Each structure stands twice: as C-alpha cells, then as structure tokens.
Amino acid sequence: MKRALPFILVILLASAALRAEESDRPDARYRKEIARLKRRLGRDFTVKQVGMFVAAWDLDEKKAESYEKLIKELEEALYERFLSRRPAEVIRVVLFKDNASLRRNAKKVAEKSIVMPAGGFYMTYEHTLCAEVTMGPWLVRHELTHALVHGDFGSKKPAPWFDEGMAMMVESAVIEGKKLTFRADRRLNLVHRLMKARKLPKLKDVLKMDFPTYNAPATRATADALSRCLMLYLDEKGVLVKFYRRYRIRYRRDPTATKFVEELLEKDIDAVETDLLAWVQAKVRESRESTKKPSSKEPAKPPEMGHKPRKTETVAAIQREKLAIMSS
Ligand SMILES: [Zn+2]
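Keep in mind it's a predicted model, so treat the numbers as computed, not measured.

**Thoughts on the overall build of the chain**
Right, so step 1: In terms of helices and strands, the chain carries 14 helices and 7 strands.
Right, so step 2: Taken across its 328 residues, the chain has 35% of its residues classed as buried.
Right, so step 3: The contacts in the chain between residues at least 6 apart in sequence include a share of 64% that link residues at least 24 apart.

Below, the structure written as structure tokens:
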C-alpha cells in the first residue's frame with residue numbers, strides 16, 4: 001500500500017493538471033461557435049472566448065485589449081450586483097472597427113437577413129450583439145447589458161422601460177473592480193425640461209408601454225428619459241438591486257414591474273411620480289449650483305451629468321430597436 005501511494009499521487013496530480021487545462025479551453029459549444037464565426041467572418045477577424053461570450057473583432061491590438069477588458073469587467077460587475085443565471089445560449093459579441101466593416105460583415109453573422117442599422121444592436125433571438133466601436137464603449141456596454149439581462153430573465157421578457165432603463169444606467173456607469181456606480185446623465189435635464197413645458201407623459205403610462213409603443217419615434221426619447229430617471233431614483237433610494245431581483249423572480253405577478261416599484265417605495269405609482277419629479281428638480285438645481293461661477297479660491301467643479309452621446313446615438317438607438325422588433 002505504501003509503495004502504491006506515490007503512484008496514486010502521480011495519477012491524481014496528472015488528472016488535476018488535465019482538468020485545469022480543460023477548464024482553460026472552451027467547451028464544445030464554444031468551440032463550435034468559434035469555428036462557425038471564423039468561417040463566416042474570415043481572416044480579418046480574431047475570434048475567441050471572452051468571459052461567457054464568444055467574441056469576434058477586426059480591431060487593432062490596443063482596441064482589442066481594451067474591449068476584451070471591458071467585456072470581462074462588465075460581466076463580472078453585473079453578476080456581482082444584479083444577475084444570477086447564465087444565459088442558456090452562447091452569446092456572440094461581434095465588434096467592428098468602423099461603419100464600413102459593420103455594413104460589410106454584420107450580415108455574415110446573422111442567421112436571418114437583417115436591416116442594417118447604424119452603430120450597433122442586440123438581436124435577442126439570434127443571441128448576437130453587433131457594434132461598431134467608433135460609437136464609443138458606451139454602446140457596447142449598453143448592448144452587453146441587454147444581452148446579459150435577457151439571459152438572466154430567460155424566457156421572460158422584461159418590460160421595455162426596464163430593459164432600456166438598465167442598459168442606459170450601465171452605459172454611463174463607473175466600473176471599479178466589480179463595483180458599478182451609477183450617475184445622472186443628460187436625460188435628467190430632458191425630464192426637467194419636459195416637466196416645465198408640461199409635456200412629460202405620466203409615469204404609469206410609460207411603465208405600461210409595450211415594445212412598439214415605447215419605440216415609436218414620438219415617444220422613444222421621452223420614455224427613455226423617464227425610465228432612466230426612475231432607475232437612478234431607485235438606486236439612490238437603495239432599492240435598485242432588490243427591485244431587479246424581485247422583478248425577475250416574481251415577473252409573472254406583474255410583467256410591467258409597476259407593482260414592485262410601488263411595493264419597494266411603499267406608495268402608489270402616482271405618489272412615486274410626484275416624488276420622482278421633485279427629486280429631478282432638486283438634482284438639476286444642485287447641478288446648476290455646482291456649476292455656477294466659482295469664487296477665486298475655489299476651483300470649478302465639472303457638472304456631473306455623465307455621458308454625453310453624439311447625435312447619432314438617438315438615430316442608432318431607434319434603428320437598433322426597430323431591428324430588435326423585427327427580429328423578435
Ligand atoms: Zn437599448
């Protein structure tokens with residue numbers, strides 16, 4: 001028995017080393033997806049497993065490195081705070097160096113024919129995200145959030161206000177290690193302006209909107225702004241994570257999530273709206289105060305309004321969502 005011990009140890013160590021090596025290698029599903037994407041996209045693209053995704057890109061080395069880091073960090077941060085289930089399917093993340101590459105190559109990736117939007121999009125039923133990186137990392141963060149949240153929800157379809165609200169929160173969040181810190185963006189000012197002009201829709205109506213209504217050109221920007229503000233308000237009240245999980249687990253009780261907002265804030269939705277708008281007003285006032293001319297001794301503080309997207313973002317977002325409707 002004593003003589004057999006070293007032999008057993010050698011076998012155990014060898015099998016442990018083999019297991020470690022195997023865990024570093026993509027499993028069969030990933031290998032299949034990697035081979036498929038390589039075949040379709042050709043030699044200009046690098047294809048590999050990144051976190052739980054199969055990623056492909058035609059980026060230069062420096063950009064590729066920064067996007068690989070972004071994908072891994074975002075996945076870790078979202079699982080740390082919000083998500084608990086891995087997507088059932090392997091999600092493809094395909095990044096293009098510019099719009100010409102997107103237009104030339106995105107159709108090679110999809111199973112069905114697609115309408116080519118500007119910027120980027122996530123095709124839920126193809127589990128495929130396409131984005132051109134000239135739009136900036138915010139777009140990849142936004143679409144990755146859609147992909148991961150949909151994976152976490154499984155067969156349940158999150159309400160449009162919630163789906164977009166989460167993606168908009170994450171697109172401009174600060175990520176430090178596994179920590180996500182959310183901040184206000186330009187949509188806070190938009191809600192404030194619409195409120196002053198008495199053009200703001202009722203919160204309860206936005207929460208009830210189905211996909212086509214939410215995405216209609218006449219409503220999209222306003223619905224986005226109000227959804228984004230409600231999400232940030234829930235975060236500042238310290239209930240956002242609880243809200244996310246409650247909605248996912250008890251989704252069938254209220255697919256629009258209105259009841260869960262009411263439960264967590266302990267008031268009906270009209271009272272929530274009143275408080276939310278007072279909060280928006282206070283935040284805008286606070287931001288204006290901080291950007292007023294500083295005294296000679298005090299250095300000026302930047303207005304913390306977060307991400308300022310380019311004009312193309314709105315167009316891209318609308319086109320993207322049109323595509324999502326078509327692919328659903
Ligand atoms: Zn979106």
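Next comes the rest of the description.
**Re the nonpolar core**
Nonpolar side chains in soluble globular proteins tend to be buried together.
Right, so step 1: Of all hydrophobic cores here, the largest spans 76 residues; its most connected members are Leu95, Leu129, Leu226 and Cys229.
Right, so step 2: Examining the composition of this core, we find that 9 residues originate from one element, helix H10 (residues 220-236), more than from any other.
Right, so step 3: Ignoring sequence-local partners within four residues, the contact set of Cys229 consists of Arg187, Leu188, Val191, Leu276 and Val280.

**A word on the packing of helix H6 (residues 160-171) against H10**
The description of two packed helices rests on the angle between their axes and on the distance between the axes.
Right, so step 1: Running from N to C, H6 and H10 cross one another at 70 degrees; their axes reach a closest spacing of 8 Å. As far as their axial angle goes, H10 and H6 are roughly perpendicular. Here H6 runs over H10; the crossing is right-handed. Contacts between H6 and H10 pair Trp161, Glu164, Gly165, Met166, Met168 and Met169 from the former with Ala223, Asp224, Ser227, Arg228, Leu230, Met231 and Leu232 from the latter.

**So, the pairing of strand E2 (residues 53-57)**
Right, so step 1: Most of E2 is tucked away: 5 of the 5 residues are buried.
Right, so step 2: Alternating positions in E2 separate into two faces, Phe53, Ala55 and Trp57 on one and Val54 and Ala56 on the other, with burial throughout.
Right, so step 3: In this antiparallel pair of consecutive strands, strand E1 (residues 46-50) and E2, the connection spans 2 residues, and Gly51 shows a positive phi of 60 degrees.
Right, so step 4: Where E2 meets strand E3 (residues 91-96), 5 bridges bridge the pair, whose relative direction is parallel. Each residue of the ladder has a partner; that of Trp57, found in E3, is Leu95.

**What about the sheet that holds E1?**
Right, so step 1: The strand order across the open sheet built from 5 strands is E1-E2-E3-E5-E4, with neighbouring strands paired in mixed fashion. Of all strands in the sheet, those with a lone pairing partner are E1 and strand E4 (120-123), marking the two edges. Shown here is a sheet whose adjacent strand axes are inclined to one another by a mean of 15 degrees, direction ignored.
Right, so step 2: Contacts between helix H2 (residues 28-41) and the sheet are confined to E1, E2 and E3, with E1 contributing the most and set at about 160 degrees to the helix.

**Quick notes on H2**
Right, so step 1: Its 14 residues place the ends of H2 20 Å apart at the C-alpha level, agreeing with the 20 Å of an ideal helix rising 1.5 Å per residue.
Right, so step 2: The complete set of buried residues in H2 reads Glu33, Leu37 and Leu41. Down the axis of H2, the buried set is contained in an arc of 50 degrees. They therefore lie on one face. Exposed residues pointing more than 90 degrees away from the buried face of H2 are listed as Ala28, Ala35 and Arg39.
Right, so step 3: Those residues of H2 hidden inside the fold are in contact with E1, E2, E3 and helix H4 (99-109).
Right, so step 4: Taken from the residues just after H2, Gly42 is the one with a positive phi, measuring 85 degrees.

**Considering the pairing of E3**
Right, so step 1: With 6 of 6 residues buried, E3 lies mostly within the body of the structure.
Right, so step 2: In this fold, the crossover linking E2 to E3 by way of helix H3 (residues 61-81) has left-handed handedness.
Right, so step 3: Of the pairings in the sheet, the one linking E3 to strand E5 (residues 128-132) comprises 5 bridges and is parallel in character. Following the sheet pairing, Val93 is matched in E5 by Leu129.

**Things to note about the packing of helix H5 (residues 137-153) against H6**
Right, so step 1: Across the interface, H5 lies against H6 with an axial gap of 8 Å and an inter-helix angle of 140 degrees. In terms of orientation, H5 and H6 fall into the oblique class. The chirality of how H5 crosses H6 is right-handed. Residue-level contacts link Trp138, Arg141, His142, Thr145, His146 and Val149 of H5 to Asp163, Met166, Ala167, Met168, Val170 and Glu171 of H6.

**With respect to the confidence of the model for the chain**
Right, so step 1: Per-residue confidence for the chain gives a mean pLDDT of 85; residues scoring 70 or more make up 80%.
Right, so step 2: Within the model, pLDDT remains below 50 along residues 7-23, and this stretch shows 0 contacts once partners closer than five positions in the same chain are excluded.

**Re H3**
One turn of the α-helix equals 3.6 residues, which is why residues spaced by three or four share an orientation.
Right, so step 1: The first and last C-alpha atoms of H3 sit 31 Å apart over 21 residues, in line with the 30 Å expected at 1.5 Å per residue.
Right, so step 2: Taken residue by residue, H3 has Tyr67, Ile71, Leu74, Ala77 and Leu78 as its buried positions. All buried residues of H3 project into a common sector of 145 degrees when viewed along the axis, lining one side. Along H3, the residues that are exposed and aim more than 90 degrees away from the buried face are Glu61, Lys62, Glu65, Lys69 and Glu80.

About the criteria used
- Residues numbered from 1 in each chain as written.
- Predicted model: local features only at pLDDT ≥ 70, side-chain atom pairs only at ≥ 80, totals over all residues.
- Helix = DSSP H or I, 4+ residues; strand = E, 2+ residues; numbered from the N terminus.
- Buried ≥ 20, exposed ≤ 12 C-beta atoms within 10 Å, placed from the backbone.
- Contact = placed C-beta atoms within 7 Å.
- Core = buried A, V, L, I, M, F, W, Y, C linked by C-beta atoms within 7 Å.
- Axes fitted to C-alpha atoms, helices over the stretch in contact; angles between N-to-C directions.
- Parallel < 35°, antiparallel > 145°, perpendicular 65-115°, else oblique.
- Left-handed = near helix turned anticlockwise from the far one by under 90°.
- Pairing = 2+ DSSP bridges.
- Expected span 1.5 Å × (residues − 1).
- Arc of directions from axis to C-beta.
- Right-handed = clockwise from strand over helix to strand, strands pointing away.
- pLDDT = per-residue confidence, 0-100.

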